[in-house]
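# A closer look at the structure
Residue strings, one per chain:
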Amino acid sequence: MNYSDNEHYIVQVFCIFYSRGYLKVSQGSFQEALELFQDASATDANNISAVNNLAVCLLYLGRLKEAITMLEGIIHSNPAVNIHEGAVFNLATLYELESSRALNKKQALLELVSKHQGDGFQVSSLKMG
């Protein structure tokens, strides 16, 4: 794939924000990590990994409902592309932390996964059993 100079620059900027976000997570600086992952996501709004890491930071900052809304939003916006095992695992975990209706929510997520991903998806990431 040939990148234009501008596209190459955008990829580099994303990688810088993303890498610094990971560094801040490893240091336990979740607010700073959140801001860096937000910057990365602003550079590439459809990057499921950046949004997944944003949700993790939100959880560590005690913002559970925002984390759920964020992951649900990106997964449902384009399920054929954005159903990612790590994000689905994290969303299933957030459901467990949120309510006693976690099983119902995970079953709905399973239906979405089966509709868009087929047999190649590791359903164990849904933590159903």
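Residues numbered from 1 in each chain as written. Predicted model: local features only at pLDDT ≥ 70, side-chain atom pairs only at ≥ 80, totals over all residues. Heavy atoms only, no water.

## Side note on the packing of aromatic side chains
Per the counting criterion, the structure on display carries 5 aromatic pairs. Aromatic pair F14 and Y18: ring centres 5.4 Å apart, planes at 20°, arrangement stacked. You can see F14 and its partner Y18 sitting in helix α1 (residues 5-26), 4 residues apart, about one turn around the helix. By relative accessible area, Y18 is classed as buried at 16%. Where F30 meets Y60, the ring centres are 4.4 Å apart and the plane angle is 5°; that geometry is what we call stacked. You can see F30 sitting in helix α2 (residues 30-43) and its partner Y60 sitting in helix α3 (residues 48-60), a full 30 residues away along the chain. (Phe/Tyr/Trp six-rings, centres within 6.5 Å; stacked < 30°, edge-to-face > 60°. Helix = DSSP H or I, 4+ residues; strand = E, 2+ residues; numbered from the N terminus. Buried < 20%, exposed > 50% of the residue type's maximum accessible area, 1.4 Å probe, protein only.)

## Some thoughts on the nonpolar core
Inside soluble globular proteins, nonpolar side chains tend to come together where they are buried. Of all hydrophobic cores here, the largest spans 30 residues; its most connected members are I75, I83, V88, L91 and L109. Of all the secondary-structure elements, those providing two or more residues to this core are α1, α2, α3, α4 (64-77), α6 (85-98) and α7 (102-116). Here this core takes 7 residues from α3, the largest share from any one element. Ignoring sequence-local partners within four residues, the contact set of L109 consists of I75, V88, L91, Y95 and L126. (Core = buried A, V, L, I, M, F, W, Y, C linked by side-chain atoms within 4.5 Å. Contact = heavy atoms within 4.5 Å.)

## Details of the pattern of salt bridges
The tally for this structure, following the rule as stated, stands at 5 salt bridges. With a shortest N-O distance of 3.3 Å, K24 and E32 are connected by a salt bridge. With relative accessibility at 22%, the residue K24 sits in the partly exposed group. A salt bridge links K65 to E98, with the nearest nitrogen and oxygen atoms 3.5 Å apart. Of this pair, K65 sits in helix α4 while E98 sits in helix α6, and the two are 33 residues apart along the sequence. Owing to a relative accessible area of 58%, K65 belongs among the exposed residues under this scheme. In the salt-bridge network here, residues are joined through shared partners; they are K65, E98 and K105. (Salt bridge = Lys/Arg side-chain N within 4 Å of Asp/Glu carboxyl O.)

## Considering the packing of α3 against α4
Running from amino to carboxyl end, α3 crosses α4 at an angle of 165°, the nearest separation of the two axes being 7 Å. What the angle tells us is that α3 and α4 run roughly antiparallel. Considering the relative orientation of α3 and α4, their crossing is left-handed. Residue-level inspection shows I48, V51, N52, L54, A55, L58 and L59 of α3 in contact with α4, the latter providing L64, E66, A67, M70, L71 and I74. Tallied by class, the residues present in the contact of α3 with α4 amount to 11 nonpolar, 1 polar and 1 charged. (Axes fitted to C-alpha atoms, helices over the stretch in contact; angles between N-to-C directions. Parallel < 35°, antiparallel > 145°, perpendicular 65-115°, else oblique. Left-handed = near helix turned anticlockwise from the far one by under 90°. Nonpolar A, V, L, I, M, F, W, Y, C, P; charged D, E, K, R; others polar.)

## Re α6
An α-helix turns once per 3.6 residues; consequently, residues spaced three or four apart project the same way. The end-to-end C-alpha distance of α6, which contains 14 residues, comes to 20 Å, matching closely the 20 Å that a straight helix rising 1.5 Å per residue would cover. Every buried residue of α6 is accounted for by A87, V88, L91, A92, L94 and Y95. The buried residues of α6 occupy one face: seen down the axis, they fall within an arc of 160°. On its buried side, α6 packs onto α3, α4 and α7. (Expected span 1.5 Å × (residues − 1). Arc of directions from axis to C-beta.)

As far as function goes, none of this settles anything; it's purely spatial.
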